[in-house]
Amino acid sequence: MPELPEMEHYKLVLEKRVINKPISEVLINRPKSVNLDTSLFEKKLKGQEIEAIERRAKFLAFHLKNKEVLLLHLMLGGKLYYGTEETSPDHEKQVILDFGDNALFFIGLRLGYLHLLTQNELEKEWANLGPEPLSPNFTETDFLDRLKQKRGKLKAVLVDQSFVAGIGNRYSDEINFAAALSPKREVSGLASNEVSSLFSALRQVLTHAIEAGGYLDLPVFEGDVLTGGAERTMKVHRRAGHPCPRCGATIIEEKITSKKTSFCPNCQH
DNA sequence: AGGGCAACCCGGACGC
DNA sequence: TGCGTCCGGGTTGCCC
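One structure accompanies this document, and this report is about it. (Residues numbered from 1 in each chain as written. Chains lettered and ligands numbered in written order. Predicted model: local features only at pLDDT ≥ 70, side-chain atom pairs only at ≥ 80, totals over all residues. Heavy atoms only, no water.)

### Here we look at helix α6 (residues 169-178)
Piece 1. Counting buried residues in α6 gives eight out of 10 residues, a clear majority hidden from the surface.
Piece 2. Here α6 has its buried residues at Arg-170, Tyr-171, Ser-172, Asp-173, Glu-174, Ile-175, Asn-176 and Phe-177.
Piece 3. Where the residues of α6 are buried, they touch α1 (4-15), α5 (154-158), α7 (192-211) and β10 (259-263).
Piece 4. Where α6 terminates, the next one or two residues include Ala-180, which has phi positive at roughly 55 degrees. (Buried < 20%, exposed > 50% of the residue type's maximum accessible area, 1.4 Å probe, protein only. Helix = DSSP H or I, 4+ residues; strand = E, 2+ residues; numbered from the N terminus. Contact = heavy atoms within 4.5 Å.)

This is the structure we're talking about:
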């Protein structure tokens, strides 16, 4: 569920808090969430420091001093919290990294995971990801070139991680709305001005969502008032039955290539 | 090659 | 404030 803006938000919050602090304890409550034998995982991590946090698509990579990497994917319903045991939310924590004064809690890792990898293994994991949509290197020309090679419906293409990385069900709805394009459109039939709208919508929606703190409902630390702000900026996603903020028609929800999709049937063409 | 679907998993929503 | 059932969601992989 967390998508690019939510993971970027976690990165921004956490890199102010966990960088260069030794990990004093590691607690694994759910062995399936990690990729090594729990005692080995704990042993390898204990005493290590996180040197940098990198986000790629919906992943966070915690780069360790010893050049190994903790790779996190939250999948469905995964969340993070940084603070003390007392202030932490009353949810099951599958993995806890303790930094002494505060700890990083990995919550709701059901399908999600935290894997300790080498740099090479990390590269393999990321080999099939498309470009980062907010990278300054990613231009409208790149976008157009990639789009030319794709077929299928706009909805399916936007959530395809090998096309552009980091967009999921929620933001694909918002991007299509911002571009005033129907999620059912075949991408091969898009006119060049429509591709332009789509490209700027993509950047604008994701950028604004990051600025608003993402949509996740759980504060990341005590006193956190920013997280979740993007929920209020949703124009169509999961708003079926409400009036379209652009034209006033009723927003609908339909399954498009097996994805629940919200859109305005009147002003998205 | 694109679309459909099952598997992974379990918190939360819903029905009673 | 109970108990069972079902669903959702990203990703992978397998089918047609």
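### A look at the protein's contact with DNA strand C
Piece 1. Lining the immediate environment of DNA strand C, one finds Met-1, Lys-58, His-73, Met-75, Leu-76, Arg-110, Leu-111, Gln-161, Asn-169, Arg-238, Lys-259 and Lys-260.
Piece 2. Within the side chain of Lys-58, an N or O atom sits 3.0 Å from a phosphate oxygen of DNA strand C.
Piece 3. One nitrogen or oxygen atom from the main chain of Asn-169 is found 3.2 Å from a phosphate oxygen belonging to DNA strand C.
Piece 4. Classifying every residue of the surface near DNA strand C gives four nonpolar, three polar and five charged. (Near = heavy atom within 4 Å. Polar contact = N/O pair within 3.5 Å; in protein donor to acceptor, adjacent residues only side chain to side chain. Nonpolar A, V, L, I, M, F, W, Y, C, P; charged D, E, K, R; others polar.)

### Overview of the packing of helix α4 (residues 140-148) against α7
Piece 1. Remark: α4 packs on α7, axes separated minimally by 10 Å, with the N-to-C direction vectors making an angle of 115 degrees. Crossing angle aside, the handedness with which α4 passes α7 is right-handed. Across the interface between the two elements, Glu-140, Phe-143, Leu-144 and Leu-147 of α4 pack against Val-195, Ser-196, Leu-198, Phe-199 and Leu-202 of α7.
Piece 2. Classifying every residue of the contact of α4 with α7 by side-chain character gives seven nonpolar, one polar and one charged. (Axes fitted to C-alpha atoms, helices over the stretch in contact; angles between N-to-C directions. Left-handed = near helix turned anticlockwise from the far one by under 90°.)

### So, unusual backbone geometry
Piece 1. Residues other than glycine seldom take positive phi values, yet Met-75 does so here, at roughly 45 degrees.
Piece 2. If you trace the backbone, Met-75 turns up in the loop between β4 (69-73) and β5 (79-83).
Piece 3. Met-75 sits in the partly exposed class, given a relative accessible area of 32%.

Function cannot be inferred from these measures alone, as they are strictly geometric.
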